[in-house]
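Analysis of the macromolecular model
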Amino acid sequence: MINREVQEVQFAADEINPGWGRSIWAEVAQHHRQIMARRQAEMMQANKRAEIERQVKLARNKQKNTQANSAQEAAKAERDAERAAAQLLKEEEASSKKATPTATKSGGKKKKKR
């Protein structure tokens, strides 16, 4: 059956262009290889494009996460700085209360108790 089909194709090719029947299968094979190579190249290009898009998406997500983390870290640092400033103010007030001598009427000298 296949043999008959091959002969029919060769006969039709000879009718179109005399002598073409002998080389028709070689040309068909060549065209088939070209088509397959083109398809493979297109698939490889599509895969590369998909990989690049995936990498871009990952990079964008990483950047967003980094920015979010940076914002959180900055907010935490600001809160920590405010707490430290409040603590320093408390300590300063406490030390200034201890360091301030009580004023006396005798020009700063304390009276002895009798």
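Let us look at the structure shown here.

A few points about the overall build of the chain
Broken down by element type, the chain carries 2 helices and 0 strands. For the chain, buried positions account for 3% of its 114 residues.

Looking at the pattern of salt bridges
On inspection of all chains with the given rule, the structure shows 4 salt bridges. For E51, the salt bridge identified is with R54, shortest N-O distance 2.6 Å. With a gap of 3 residues between them, E51 and R54 both fall in helix 2 (residues 24-99), about one helical turn apart. Connected through salt bridges with shared partners, the residues K76, D80 and R83 form a single ionic network.

Rules of the game
- Residues numbered from 1 in each chain as written.
- Predicted model: local features only at pLDDT ≥ 70, side-chain atom pairs only at ≥ 80, totals over all residues.
- Heavy atoms only, no water.
- Helix = DSSP H or I, 4+ residues; strand = E, 2+ residues; numbered from the N terminus.
- Buried < 20%, exposed > 50% of the residue type's maximum accessible area, 1.4 Å probe, protein only.
- Salt bridge = Lys/Arg side-chain N within 4 Å of Asp/Glu carboxyl O.

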